[in-house]
Amino acid sequence: MRLFMKRLISQRALVFMTVPFLIWLAIFKYLPLWGWTIAFQNYKPAKGFGDQKWVGLKQFRFMFEDDRFLLVLRNTLAMSLINFVLGFVTAIILALLLNELRNAIFKRFVQTISYLPHFISWVVAATIIQTALSADGGIINIILMNLGLINEPILWLGEGKYFWGIMGASEVWKNIGWNTIIYLAAMTTIDPAQYEAAEMDGASRLQRIWHITLPGLRPVIIVLVIMNLGQILETGFEPQYLLGNGLNVDYSENLEIFILKYGMNLGNYSLSVAAGIFKTVISIILLFSANAIAKRFGQDRLF
Amino acid sequence: MAIAEKSYKRRVPIGDRIFDWFNYAFMICLMIVTVYPFVNMLAVSLNDASDSVKGGIYFWPRELSFDSYKYVFDQGTIVHATFISVMRTVLGTLISTFCSAMIAYAISRPDFVLRKFVTLAFVLTMYFNGGLIPNFLLVRELGLMNSFWVYIIPGIIGVFNIIVIRSFIEGLPDGLMESARIDGAGEFTTFMRIVLPLTLPVLATTSLFTAVYQWNSWFDVFLYNSSNVELSTLQYELMKMLQNSNASGSSIDPAGGFANGSAAANYVTPTSIRATMTIVASLPIIMVYPFLQRYFVKGLTLGGVKG
């Protein structure tokens, strides 16, 4: 102990560099966990902590009996799953196609363009999506009408049944280019001799993609799939909130919006915090299971 | 080389050539789908607003007019919001990058007694989050509501950035820092004079991510400062316009909160204003990212390997 103190004093410069941030960490990251107690109370903002009524698990019971919450959970899982599958398939296909481009300058150009939407805020993206889907001169309706697929403009954001599809497509539009980076990096590690040998044997382009490139990506794909399964409740918040409206709310409201609505709009802090705890706990469980599965697959730990 | 290429070309089977054509066509479609919305917004923002109402603006303006831009930058609110956006991006990025680098340096020192404790304390916070309401109550208790600092202080440290910077510092040759210490430089001097300049490449990466995050944020404005227009940001102003038009389910907002304004000289519509704001809010990123993308890419692959 004395030795520890002595070293602490001799390293005081390093201590001064970190301790202010440990205090910051305690206040902004660990202290809010104390707020989780709100979920076990019937919290009234006007009262002090000692005067709150403790209600045990009542909020959680109420939550799981609430039809709205179950609907929100359905929306969250559905959008998550759609984004998950679409995100993977499109990014892998694009990465494979980019890898087949012979002209390096053209390839770089396409890549640069395709990263653009990733850096744009969701506010801008949502504005763009809403404009494109507008029933009043939106480009999507114009194209579909000119192709003769529909006779009159569709109110895309006005009907709940389209919302999940719109979310999936928006997510692809925004992130497809960015998501290819990791696959393209993995492709550079594939031995070129394999391609040469395959060519000698008369394998076609598609055969080479199928038998060499794709298997070469397998470790990366497995890691990413597992990692993303750990985040299945993290659908994101911004696109659903920004493009959601009264007409599609039964399909657009996800867990995060539920938490915001109950907490900030309705002032029911206890239920809101309970929903937040539910989300965090499930996410942590999924994350650690994902890590364990990854280990079993012989991959490096994910974190 | 030329001969080899020629003979290679002759051997390209017809199936491969079809594949190539399909591939190029696909890539061109992808680029159009990616870029068209921005081109269209630019065209609408530069077109005469009363002419735009007729529709049919796609790639370029039909009747060139800068009225929408004049109108937008005549609004005190928008100009001020732009200023706040720039301030939070610059200050937030500088402060956050400096602090993250300092912590990364401290926990990269193998003999630092608190090394394990500090690292664990930071890394643990990547896996949980107090959640919306507890964080909101905390900010309120701390008196950070209606304050500019709520954009900076709660997010001052990015744990992921610390990890990325630390692994970079650990890859630096030990001798450099060692010799500085032998010359009598203290830890802080070593950090400022030796480590900071050497880590600039990785700091470029992390600060770019931070800057994009700061520029694009609107939720903290909405949550903490929505009643104070002096602290509004560009993204939040655009978000309010989006919400206005959402209510009517189409992109035209008949109530036109903005267009009823005072500037009678310029004719503008909610659509033209929105397009203009969209361009203003995304232009800094569109201008900057192509030049910096290699840093972004490097940061991502580094994070993927070491994170």
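Rules used in this analysis
- Residues numbered from 1 in each chain as written.
- Chains lettered and ligands numbered in written order.
- Predicted model: local features only at pLDDT ≥ 70, side-chain atom pairs only at ≥ 80, totals over all residues.
- Heavy atoms only, no water.
- Helix = DSSP H or I, 4+ residues; strand = E, 2+ residues; numbered from the N terminus.
- Rg over C-alpha atoms; globule rule 2.2 N^0.38 Å.
- Buried < 20%, exposed > 50% of the residue type's maximum accessible area, 1.4 Å probe, protein only.
- Contact = heavy atoms within 4.5 Å.
- Areas by Shrake-Rupley, 256 points an atom, 1.4 Å probe, with all protein chains shown as cover.
- Polar contact = N/O pair within 3.5 Å; in protein donor to acceptor, adjacent residues only side chain to side chain.
- Domains from an automatic or database assignment.
- Buried area = accessible area lost by both parts, 1.4 Å probe.
- Salt bridge = Lys/Arg side-chain N within 4 Å of Asp/Glu carboxyl O.
- Nonpolar A, V, L, I, M, F, W, Y, C, P; charged D, E, K, R; others polar.
- UniProt positions renumbered as here; feature names shortened; annotations may be inferred.
- Core = buried A, V, L, I, M, F, W, Y, C linked by side-chain atoms within 4.5 Å.
- Phe/Tyr/Trp six-rings, centres within 6.5 Å; stacked < 30°, edge-to-face > 60°.
- Lys NZ or Arg CZ within 6 Å of the ring centre and 35° of its normal.

Describing the overall build of chain A
If you tally the helices and strands in chain A, you get 14 helices and two strands. For 303 residues, the compact-globule estimate of 2.2 N^0.38 gives 19 Å, and chain A exceeds it by more than 25% at 25 Å. Along the first, second and third principal axes, the C-alpha atoms of chain A reach 75 × 70 × 35 Å. When burial is assessed residue by residue, chain A has 50% of its 303 residues classed as buried. Considering only residue pairs separated by 6 or more positions, chain A has 65% of its internal contacts joining residues 24 or more positions apart. Just so you have it, chain A exposes about 15,000 Å², and 65% of that area is on carbon and sulfur atoms.

Focus: the overall build of chain B
Within chain B, the secondary structure is distributed over 14 helices and zero strands. Taken from N to C terminus, the helices and strands of chain B fall in the order α-α-α-α-α-α-α-α-α-α-α-α-α-α. Across the 307 residues of chain B, 50% fall into the buried class. In chain B, of all internal contacts separated by at least 6 residues, the share reaching a separation of at least 24 is 70%. Carbon and sulfur atoms make up 68% of the accessible area of chain B, which amounts to about 14,700 Å² in all.

What about the side chain of Q75 of chain B?
Residues and elements named next belong to chain B. Within the fold, Q75 resides in the loop between α4 (67-74) and α5 (76-108). Given the relative accessible area of 18%, Q75 is considered buried. A polar side-chain atom of Q75 sits 3.2 Å from a polar atom in the side chain of Y71.

Some points on the domain arrangement of chain B
Residue and element names in this part refer to chain B. According to the domain assignment, chain B consists of domain 1 (11-65) and domain 2 (76-307). Listed per partner, the contact involves eight residues of domain 1 and eleven residues of domain 2. Taken together, both faces of the contact between domain 1 and domain 2 bury some 730 Å²; the carbon and sulfur share is 83%. Its largest share of buried area at the contact with domain 2, domain 1 owes to F38, M41 and A49, together 53% of the area lost on that side. Summed over the shared surface of domain 1 and domain 2, the result is zero salt bridges. Our enumeration of links across domain 1 and domain 2 arrives at zero residue pairs in polar contact (both at pLDDT 80 or more). For the side of domain 1 that touches domain 2, the elements supplying multiple residues, two or more each, are α2 (14-46) and α3 (49-52). Sorting elements by how many residues they give to the side of domain 1 that touches domain 2 places α2 first, with five residues. Class assignment of the residues belonging to the side of domain 1 that touches domain 2 gives a composition of six nonpolar, two polar and no charged.

Remarks on the UniProt feature "transmembrane region" (unreviewed entry) in chain A
Per the UniProt annotation, the sites labelled "transmembrane region" (unreviewed entry) are residues 12-31, 77-101, 113-133, 139-157, 209-233 and 269-294 of chain A. For the annotated span residues 77-101 of chain A, helix accounts for 96% and strand for 0% of the residues, and the straight-line distance between the end C-alpha atoms is 36 Å.

With respect to the UniProt feature "transmembrane region" (unreviewed entry) in chain B
In the numbering used here, UniProt assigns the "transmembrane region" (unreviewed entry) feature to residues 21-39, 78-105, 117-136, 148-169, 190-215 and 273-292 of chain B. Counting secondary structure, residues 190-215 of chain B comes out at 96% helix and 0% strand; the distance between its end C-alpha atoms is 32 Å.

Let's talk about unusual backbone geometry
Phi is positive for N146 of chain B, close to 55°, though the residue is something other than glycine. Tracing the sequence through the fold places N146 of chain B in the loop between α7 (132-141) and α8 (159-170).

Considering the pattern of salt bridges
On inspection of all chains with the given rule, the structure shows 21 salt bridges over all chains. Of the charged contacts, one joins D20 of chain B and R102 of chain A as a salt bridge, the two residues approaching to 2.8 Å between their closest N and O atoms. Taken together, the residues D20 of chain B in helix α2 and R102 of chain A in the loop between α4 (67-100) and α5 (104-119) connect one chain to another. Overall, R102 of chain A belongs to the partly exposed group, its relative accessible area being 42%. For R62 of chain B, the salt bridge is made with D51 of chain B, and the minimal N-O distance between the two is 2.9 Å. Note that R62 of chain B is positioned in the loop between α3 and α4 and D51 of chain B in helix α3, a separation of eleven residues in sequence. Through salt bridges with shared partners, a single network forms among E100, R102, E199, R205 and R208 of chain A together with D16 and D20 of chain B.

Considerations on the domain arrangement of chain A
Residue and element names in this part refer to chain A. Taken as a whole, chain A is organised into domain 1 (2-54) and domain 2 (58-296). Just the C-alpha atoms count here: the centres of domain 1 and domain 2 sit 36 Å apart. Contact with domain 1, which involves nine residues of that partner, is made by nine residues of domain 2. Summed over both sides, the interface of domain 1 with domain 2 buries roughly 750 Å², with 71% coming from carbon and sulfur.

Topic: the nonpolar core
Among the nonpolar cores identified, the biggest contains 134 residues, and L242 of chain A together with F122 and I157 of chain B are the most heavily contacted of them. Among the elements that line this core, the one with the most residues is α5 of chain B, at ten residues. I157 of chain B has contacts with F21 and W24 of chain A together with C99, S100, I103, F122 and I162 of chain B, leaving out every residue within four places of it along the chain. Core analysis: the next-biggest nonpolar cluster, separate from the first, contains 27 residues, L96, M187, L217 and I221 of chain A among them.

Some details on the interface of chain A and chain B
Opposite the 85 residues of chain A that make contact, chain B presents 90 residues. Surface buried jointly by chain A and chain B totals about 8,200 Å² across both partners, of which 76% is contributed by carbon and sulfur atoms. Summed over the three residues of chain A that lose the most area to chain B, namely M17, F21 and F119 of chain A, the buried surface amounts to 9% of that side. Our count for the contact surface shared by chain A and chain B stands at four salt bridges. Ionic pairing is found between R205 of chain A and D16 of chain B, a salt bridge with its closest N-O pair at 3.9 Å. Inspection of the region where chain A meets chain B yields 16 residue pairs in polar contact (both at pLDDT 80 or more). Of the residues forming the side of chain A that touches chain B, the biggest block, 13 residues, is contributed by helix α2 (residues 12-30) of chain A.

Side note on the packing of aromatic side chains
In total, this model carries 37 aromatic pairs over all chains according to the counting rule given. Between F237 of chain A and F219 of chain B the ring centres are 4.9 Å apart and the planes differ by 65°, which places this aromatic pair in the edge-to-face class. Linking F237 of chain A in the loop between α10 (205-229) and α11 (238-243) with F219 of chain B in helix α12 (residues 219-224), this pair reaches from one chain into another. Judged by its relative accessible area of 22%, F219 of chain B falls in the partly exposed class. Each residue in the set F237 and Y241 of chain A together with W218, F219, F222 and Y236 of chain B is aromatic and connected to the rest through ring pairs, giving one cluster. A cation over an aromatic ring shows up here: K174 of chain A above the ring of W122 of chain A, its NZ or CZ 5.0 Å from the ring centre. The positively charged end of R88 of chain B is found above the aromatic ring belonging to Y151 of chain B, 4.3 Å away from the centroid.

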